[in-house]
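What follows is the residue order along each chain.
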Amino acid sequence: MRDKSFYRSIGLKCGLEIHQRLKGGKLFCSCRSTLSEEPSLEIIRKLRAVYGELGVVDRAAAFEHMRNRKFVYKYYPSESCLVECDEEPPHQVNKEALEAAITAALMLNAKVVDEIHVMRKTVIDGSNTSGFQRTMVIALDGYLEYKGEKIPIAQVCLEEEACGILEDWGDTVVYRLDRLGIPLVEVSTGLLEGYSPEEIQEIALLIGVTLRSTGKVRRGLGSTRQDLNVSISGGSRVEIKGVQELELISKVVENEVERQLSLIKLAKELKEAGVREEDFKPPMEVTELFSETKNRVIKRALKSGGVVFAAALPGLSGFASRELCPGLTLGKELAYHARAYGVGGIIHSDEDLAKLKLEDEFKKLRELLKAGSRDLIFIVAGPPDRAAEASRAVVERAKQLLNGPPEETRAANPDGTTRFTRPLPGAARMYPETDIPPMPIPREYVESIRASLPEHWEQKVKRFTEQLGLPRDLARQVVWSEYLSLFEEAVEKTRLPPTLIASTLVSTLKDIKRRDKIPVEQLPDEKIMEALLAVDGGKISKEALPDVLRELAKSPGETVQAIAARLGIKPITLEELREIISSTIQDNMEVVLEKRERALGLIMGRVMAKVKGRIDGKVVSEEVKRKLKEVLSTSRVEA
């Protein structure tokens, strides 16, 4: 692992954008936003790029337009309306969401603007039916304290969530409309310089904790995501979107640094080898060469009416298998550019051509393309227009290798690597929303919110420690977790020990996810609360709680009562427990009389095997000890 001085020496700069969904209804209509309904119909649409306020078409929008994709939107009758379909103007801004965003801004020490202007941000990747996302600046020039320094908060925005992707078939993308319009608060930091990837992650976590401290944000899979802007000296600014797991931020930054360093080194090597941009030739169609191919992928593409394009990349032979960062080779990097146009990727000459059954075809290709031994050959197979565009994109990306890492937008992969998605957007994509007038924000309104701000997270830690009796480490874990609001609700609504609630939320659930590979983040707060209330009401024991939560995470639609019945963990009475203990001792009387007090472990183990999850283990221990003492006293008297 690189140390902090290394990242300073290479000039690492990073900007964070934290997106957090807010509680409540949609931002510009009165639809609910529970994401719990089945779709009733589909809407099919295509989007095109338009001129922005500066009279220029944004390059990212132009790129998406060139991909010529079709978008299918699933419509949910109670969670979508004509606003989401872009068939009706947006309603006035949700006041609850606006107040939540101002609350977050004030807790980030930001200055709330005097007047809010809703803007349109051109986005034609299909994630919004209108071809733009509505956003508004709420506050500017804030800060958070971290290790004695003030971390700049450049701005706090309120914006609408995009549609959720259900399927991506390359030329067609299927979205769900119920997610569109859920309010998001977006927190953008200033440029972070001189920090390590681990510190950048900690800063992101600190922002998240501050947002959760408002009590106005959602929890669960997809409710929070992080975008990063990363650059190093000699590199370029790269926007990385959609880091879902906070714990992945440091790895994503580390990998992007390594990727840019590798591309800078590669550019130097290619130039020293005499490779020039003019040496790159456009791709050509070579379908005929593959008419008798034995490769199943190519054969399938041709059978469905596809074609094959090929090109030689000068000086790149042997480089395609080189790792730019762990898990990402240059070959895969080039393939991402092809995939952006709806094809499966590329096949190149650095691969095992014998295994792919393509040795003869690539030998003929090298002759046809007049490629030298130092040149990398690649092919793209797919529908004619897409294969042509994809192959041209690969050649253009290969040309850029001579100049180091380009500015671009990339998406985060689950393993911490990233993939190309589109060129970096410019300022030309923003223009005013014409359907919503500017909204003045009275100072009295802001000050009334300031007067009732939630307590700071450090104050919560202190209160949980002093008033609820939590150990300080556990209190901090709760406050920094996504279950903070749920913890406070459970403490208020149940008589359970706060320590039990806290350890269930920050330890038990994490253990279930780690050990059983079950996505507990999909478990709604309501279901977790249902399980805690069942313990509080004596319907299940606290020992049964992990098993019940595990089954709930697998089947969120089931009730706690149904799961308890299915698992056979219906609580037993004290009298039933005493009968089980008596019969267990009776069945093992010979051992009990021989070992006497040393038989406690044996009896305890066998009783717990019969009553596990059905009664408090502490009660079992006390009753076993009491009964064993009684039996041994009686046997001594008889002797």
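Worth saying up front: this structure is predicted, and the values here are computed from it rather than measured.

Rules used in this analysis
- Residues numbered from 1 in each chain as written.
- Predicted model: local features only at pLDDT ≥ 70, side-chain atom pairs only at ≥ 80, totals over all residues.
- Heavy atoms only, no water.
- Salt bridge = Lys/Arg side-chain N within 4 Å of Asp/Glu carboxyl O.
- Buried < 20%, exposed > 50% of the residue type's maximum accessible area, 1.4 Å probe, protein only.
- Helix = DSSP H or I, 4+ residues; strand = E, 2+ residues; numbered from the N terminus.
- Contact = heavy atoms within 4.5 Å.
- Pairing = 2+ DSSP bridges.

Chemist: What is the right way to look at the pattern of salt bridges in this model?
Modeler: Two side chains that carry opposite charge are able to pair once their charged atoms sit near each other. According to the stated counting rule, one finds 55 salt bridges in the structure shown. Between Arg566 and Glu558 there is a salt bridge, and its shortest N-O distance comes to 2.7 Å. Overall, the relative accessible area of 22% leaves Glu558 in the partly exposed class. Residue Glu630 pairs with Arg626 through a salt bridge whose shortest N-O separation is 3.4 Å. Here Arg626 and Glu630 lie together in helix H21 (residues 617-638), a separation of four residues that amounts to about one turn. Look at the salt bridges and you will find they share partners, linking Glu256, Arg259, Glu333, Arg397, Glu408 and Arg410 into a network.

Chemist: What should I look at first to understand helix H16 (residues 545-554) in this one?
Modeler: Since one α-helical turn is 3.6 residues long, residues separated by three or four positions face the same way. By the criterion of burial, H16 is predominantly enclosed, with seven of the 10 residues buried. Turning to H16, its buried residues are Leu545, Val548, Leu549, Arg550, Glu551, Leu552 and Ala553. Check the buried side of H16 and you find it contacts helix H14 (498-516), helix H15 (525-536) and helix H17 (560-567).

Chemist: Hey, could you run me through the pairing of strand S14 (residues 238-243) in this one?
Modeler: Consecutive residues of a regular strand have side chains that alternate between opposite faces of the sheet. The pairing of strand S13 (residues 224-231) with S14 spans four bridges and is classified as antiparallel. Counterpart to Val230 in the pairing with S14 is Val238. Between S13 and S14, which pair antiparallel one after the other, the connecting turn spans six residues, and Gly234 there sits at a positive phi close to 85°. Judged from the four bridges that link them, S14 and strand S21 (residues 408-412) form a sheet pairing that is parallel. Note on S21: the bridge partner recorded for Val238 is Glu408.

Chemist: It is not clear to me how the pairing of strand S16 (residues 307-313) should be interpreted in this structure. Could you clarify?
Modeler: Along S16, seven of the seven residues are buried, which leaves the element largely enclosed by surrounding structure. In S16, alternate side chains face the same way, and those of Val307, Phe309, Ala311 and Leu313 on one face and Val308, Ala310 and Ala312 on the other are all buried. As judged from the two bridges shared by strand S15 (residues 284-285) and S16, these two strands associate in the antiparallel manner. Among the inter-strand pairings, Glu285 is bridged to a residue of S16, identified as Phe309.

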